[in-house]
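Residue-level listing of the chains:
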Amino acid sequence: MNYRPIDIARKLNISTSLLRHYEKNELFPAPERSDSGYRIYSDASFLYIQAVRTATLAYGYRTTKKLMDLVSSGEYMQAFWLVNQEQYQLHQQKEISNKTLALLHEEESDLITQMPRKGWITIGEAAERLSITETTIRHWTKEGLLKVARDEESNYRKFDEQALRQLLLIRLIRASTWSLDVVRDILTTFRAETPTEMIQLAERSLQMLNTRLERLFISQKYLYQLIAFLSPDYFTDFPGMEIYDFERPERS
């Protein structure tokens, strides 16, 4: 079966401009063209684009590009390992999020509240307490995610209780999003000035991780459909594969 761009766009609820964006970035094999120059999408094209659409929502464009390149070249096992790596990284981010949220809930946590008489600690001490590298903290400061005053005498950055909570919060949001720009947008939209507000924002970022996990599993369904169409015999030795016999276009 052949499809026009508008047919694909309507089926997947996307715009034709997004479809052209996928093609421009070579996220799926270029479609054939008619004698008059119009694009002609096949069943394979539809399954590719369907897989690309769900993968971009689950992994982002960079990983989707790697994944689709592997599928296009028939390197399915490498594609599976890439998906596995993404799942593992998501699990690690969830662990970081759980630990960070626990610290935000513990108002008496020594990691946050125990300060010397002067009321602040250095960047090195902050990094050691929270297991965040000094380089990372400096980068976040440079990017405007965190503002820390300097001591007039020593010129050291002064990390007090509020700054440590903010560091934990940034690390949490960073673990649940793809870019610093998204972190900045969240912090700008939702100013967390108190521990209670920080916890609310932390819980919101955890919800984002859950959404990413759901998208990962949805994406895998359409990745399977694509590979099963491209190489019908690839999964045949897997016991009980009939339960995964999703509806898909038949090869002509």
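Preceding this paragraph is the structure being described.
Worth saying up front: this structure is predicted, and the values here are computed from it rather than measured. (Residues numbered from 1 in each chain as written. Predicted model: local features only at pLDDT ≥ 70, side-chain atom pairs only at ≥ 80, totals over all residues. Heavy atoms only, no water.)

1. Observations regarding helix H8 (residues 134-142)
The line we're drawing: For each residue, the accessible area found with a 1.4 Å probe, counting protein chains only, is set against the maximum for its type, and the residue is called buried under 20%, exposed over 50%, and partly exposed in between. Here a helix means four or more residues in a row that DSSP labels H or I, a strand means two or more in a row labelled E, and each is numbered from the N terminus. Our arc is simply the arc of the directions from the helix axis toward the C-beta atoms.
Taken residue by residue, H8 has Ile137, Trp140 and Thr141 as its buried positions. All buried residues of H8 lie within an arc of 100 degrees about the axis, which places them on one face of the element. Exposed residues pointing more than 90 degrees away from the buried face of H8 are listed as Thr135 and Lys142.

2. Brief notes about the side chain of serine 219
Selection rule: Note on definitions: a residue-residue contact is assigned when non-hydrogen atoms from the two residues lie within 4.5 Å.
For serine 219, the position within the fold is in helix H11 (residues 195-230). Residues contacting serine 219, with those up to four places away along its chain left out, are Thr54, Ala55, Ala58 and Tyr59.

3. Structural notes on a nonpolar patch on the surface
Applicable threshold: Two joining distances apply to patches: 9 Å for like charges and 5 Å for nonpolar side chains (Val, Leu, Ile, Met, Phe, Trp, Tyr), and every residue must have over 30% relative accessible area and no salt bridge. Here the accessible surface of atoms and residues is derived via Shrake-Rupley with a 1.4 Å probe, and residues count as covered only by protein chains that are part of the display. The term salt bridge refers to a side-chain nitrogen of Lys or Arg lying within 4 Å of a carboxyl oxygen of Asp or Glu.
A cluster of nonpolar side chains, contributed by Met77, Trp81 and Tyr234, occupies part of the molecular surface with about 340 Å² of accessible area. The topology assignment puts methionine 77 in helix H5 (residues 76-105). The class of methionine 77 is partly exposed, set by a relative accessible area of 44%.

4. What to know about the packing of aromatic side chains
One pair of aromatic rings is described through two measures. These are the centre distance and the angle between the planes. The condition is simple: Here a Phe, Tyr or Trp ring, Trp counted by its six-membered ring, pairs with any other such ring whose centre lies within 6.5 Å, and the pair is stacked when the planes are under 30 degrees apart, edge-to-face when over 60, and tilted otherwise.
By the definition in use, this model includes five aromatic pairs. Taking 6.4 Å as the distance between ring centres and 50 degrees as the angle between the ring planes, the aromatic pair formed by tyrosine 22 and tyrosine 61 counts as tilted. Placement of tyrosine 22 in helix H2 (residues 16-24) and of tyrosine 61 in helix H4 (residues 61-72) is noted, with a sequence separation of 39 residues between them. Seen from their ring centres, phenylalanine 28 and tyrosine 41 are 6.3 Å apart, and the 45 degrees between their planes marks the pair as tilted. Of this pair, phenylalanine 28 sits in the loop between H2 and strand S1 (32-33) while tyrosine 41 sits in the loop between strand S2 (39-40) and helix H3 (43-59), and the two are 13 residues apart along the sequence. For the pair phenylalanine 28 and tyrosine 41, a shared accessibility class is recorded, and that class is buried.

Everything listed here is a matter of coordinates, which is why it stays silent on function.
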